[in-house]
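Secondary and tertiary structure notes
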Amino acid sequence: MADAKVIPFDEDRPRRRAAGTRRVRAVPAPAPGPEAAVTVAPAVEAAGGGADGAAGGQAGPGGGGRPAWDRRLAGGLAFLRRRITGEYEVDEFGYDRELTDQVLMSLLRPLFDKYFRVEVRGIENVPAEGGALIVANHSGTLPLDGLMMQVAVHDHHPAQRHLRLLAADLVFMLPVVNELARKAGHTLACAEDAQRLLEAGELVGVMPEGFKGIGKPFGDRYRLQRFGRGGFVSTALRAGTPIVPCSIVGAEEIYPMVGNAKTLARLLGIPYFPITPTFPWLGPLGAVPLPTKWTIQFGEPIATDGYPPEAVEDPMLMFNLTDEVREQIQHTLYKLLVQRRSVFF
């Protein structure tokens, strides 16, 4: 199998065709007349799946009568061909936009729409272009909240933007999970990677609570843990990009964590080993999340481009901005909880 072509992540030029692909140019239709029975070949882009490919999903000029299943089949076969031949592109972080759009998002969408029935609010606060740092609370024992936030931005934003999440080292140490995370556009939670993505005009998502948030006991639900020392604020200041607070309600209850087997966690080399009402008592069935009703709300952006370059060296400013983001998320969480009718409806 050929290797995928690596392109810079900030490349904004149209996708170049891989070597060995070809473009079939449309043959102009003849003028109407008795001899106009000549077949007209529609334009086909071999590298991108063509007018009936996965990217377009619509019939070309000569294929308007083709059924939808036929077009989807043709697009699916073109997608598989590109996978087999290596005629697809990834950026230097390993992000595979085509695989994310056509496969990973399709797998997450039923969970988003049907299972958790996520309601998205304030999506207009996410910039339509340019870099921005989305900062959210973290919870749920397993990091499903980050994935649901990624779907929310992609499917509900008018520009269908892609969210690049910053993940903990553990994510990239796990087999299979490591590869999928890279393909989906995630990268290590380090300032250098975050700044490069922001300066390239990407949306970057971060959950500063880390394992303290995702692994907290059920009794502390919706109480934000410490946000660290404000590293995400300094990254946004250096890049001059806005900070968008994001509050997620519903994730806390998918795995009610009533205990933590710390000794077992140390033996396994993981931050915590959760004990819930269903896990590990029911075995694999206990790993099924509860079908809670979610709300994801994006708050008003906090501008950072008005600060001078030396502002990143001011610890008091870092503390104040970090506290402002944290308080806005916490206040919105309490507001959403008051408005919520039920955990499940």
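What you see is a predicted model; the values in this text were computed from it and never measured.

Rules used throughout
- Residues numbered from 1 in each chain as written.
- Predicted model: local features only at pLDDT ≥ 70, side-chain atom pairs only at ≥ 80, totals over all residues.
- Heavy atoms only, no water.
- Phe/Tyr/Trp six-rings, centres within 6.5 Å; stacked < 30°, edge-to-face > 60°.
- Buried < 20%, exposed > 50% of the residue type's maximum accessible area, 1.4 Å probe, protein only.
- Lys NZ or Arg CZ within 6 Å of the ring centre and 35° of its normal.
- Salt bridge = Lys/Arg side-chain N within 4 Å of Asp/Glu carboxyl O.
- Helix = DSSP H or I, 4+ residues; strand = E, 2+ residues; numbered from the N terminus.
- Core = buried A, V, L, I, M, F, W, Y, C linked by side-chain atoms within 4.5 Å.
- Contact = heavy atoms within 4.5 Å.
- 1 Å grid on protein atoms, 1.4 Å probe; cavity = no way out; pocket = protein on both sides within 12 Å on 5 of 7 lines; lining within 4 Å.
- Points joined across faces, edges and corners; volume = space filled by probe spheres on them.
- Nonpolar A, V, L, I, M, F, W, Y, C, P; charged D, E, K, R; others polar.
- Pairing = 2+ DSSP bridges.
- Axes fitted to C-alpha atoms, helices over the stretch in contact; angles between N-to-C directions.
- Left-handed = near helix turned anticlockwise from the far one by under 90°.
- Polar contact = N/O pair within 3.5 Å; in protein donor to acceptor, adjacent residues only side chain to side chain.

Our focus in this paragraph is the packing of aromatic side chains. For the structure shown, the criterion picks out four aromatic pairs. Each ring, one from Tyr115 and one from Phe116, has its centre 5.2 Å from the other, and the planes form 75 degrees; the classification is edge-to-face. Look at Tyr115 and you get partly exposed, because its relative accessible area is 26%. For the pair Phe273 and Phe279, a centre-to-centre distance of 5.9 Å together with 40 degrees between the ring planes defines the contact as tilted. On the basis of relative accessible area, Phe273 is assigned to the buried category, the value being 16%. Every member of this aromatic cluster is reached through a ring pair, and the members are Tyr115, Phe116 and Trp294. Lying across the ring of Phe172, Arg182 places its NZ or CZ 4.5 Å from the centre. Above the face of the Phe218 ring, Arg221 is positioned so that its terminal group lies 4.0 Å from the ring centre.

Moving on to the pattern of salt bridges. Tallied over the full model, the rule gives 16 salt bridges. Between Arg164 and Glu202 there is a salt bridge; the shortest N-O distance is 3.5 Å. In this pair, Arg164 sits in strand β7 (residues 163-167) while Glu202 sits in the loop between α5 (191-199) and β9 (203-206), placing the two residues 38 residues apart along the sequence. Overall, Arg164 belongs to the buried group, its relative accessible area being 1%. Relative accessible area serves as the criterion here: at 11%, Glu202 is assigned to the buried category. The structure contains a network of salt bridges with shared partners spanning Arg82, Arg83, Asp96, Glu98 and Lys183.

Attention now goes to the nonpolar core. Among the nonpolar cores identified, the biggest contains 30 residues, and Ile134, Met149, Cys246, Ile248, Trp294, Ile296 and Phe298 are the most heavily contacted of them. Mapped by element, the contributors of at least two residues to this core are α2 (97-115), β6 (132-136), α3 (144-156), β7, β10 (243-249) and β13 (295-298). In terms of residue count, α3 provides more of this core than any other element does, six residues in total. Not counting residues up to four positions away in its chain, the partners in contact with Cys246 are Ile134, Val135, Ala136, Asn137, Met149, Ile296, Gln297, Phe298 and Ile329. Membership of the second largest hydrophobic core comes to 29 residues, among which are Leu224, Ile243, Leu321 and Leu336.

Along the chain, the position of Ala194 falls in helix α5. On the basis of relative accessibility, which here comes to 3%, the residue Ala194 falls in the buried class. Distance in space between the C-alpha atoms of Ala194 and Val206 is 9.2 Å, their sequence separation being twelve residues. Once you skip the residues sitting within four places of it in the chain, Ala194 turns out to touch Leu166, Val204 and Thr235.

What follows is about empty space enclosed by the protein. As enumerated under the stated definition, the model contains two cavities of 30 Å³ or more in all. A volume near 50 Å³ is recorded for the largest cavity. Considering the residues around the largest cavity, the lining is formed by 13 residues, among which Thr141, Lys216, Glu252, Tyr255 and Met257 are closest to the centre. Of the residues in the lining of the largest cavity, the class split is six nonpolar, four polar and three charged. In this structure, the second largest cavity spans a volume of roughly 30 Å³. Pro245, Cys246, Ser247, Gln297, Gly299, Gln328, Ile329 and Thr332 together form the lining of the second largest cavity. Breaking the lining of the second largest cavity down by element, the ones donating at least two residues are β10 and α9 (315-339). Partitioning the lining of the second largest cavity into residue classes produces three nonpolar, five polar and no charged.

A regular strand places its side chains so that they alternate between the two faces of the sheet. Most of β6 sits out of view: five of its five residues are buried. Burial along β6 is two-sided: the residues Ala132, Ile134 and Ala136 and Leu133 and Val135 are all buried. Direction of pairing for β6 relative to β9: parallel, over a ladder of four bridges. Each bridged residue has a counterpart across the sheet, and for Val135 the counterpart in β9 is Val206. Bridging between β6 and β10 involves four bridges; their strand directions are parallel. Bridge pairing in β10 links Ala136 to Cys246.

Turning next to the packing of α5 against helix α7 (residues 231-239). It is the contact of α5 with α7, at a shortest axis distance of 9 Å, that shows an interaxial angle of 35 degrees. Seen along the crossing, α5 lies across α7 with a hand that is right-handed. Facing Ala191, Ala194, Gln195, Leu198 and Glu199 of α5, the residues of α7 in contact are Thr235, Ala236, Arg238 and Ala239. Classifying every residue of the contact of α5 with α7 by side-chain character gives five nonpolar, two polar and two charged.

Mapping Thr187 onto the fold places it in strand β8 (residues 187-188). Within the local environment of Thr187, its side chain forms a polar contact with the side chain of Asp193, the two groups lying 3.0 Å apart. In contact with Thr187, other than residues within four places in its own chain, are Phe93, Leu165, Leu166, Ala167, Phe172, Arg182, Asp193 and Leu197.

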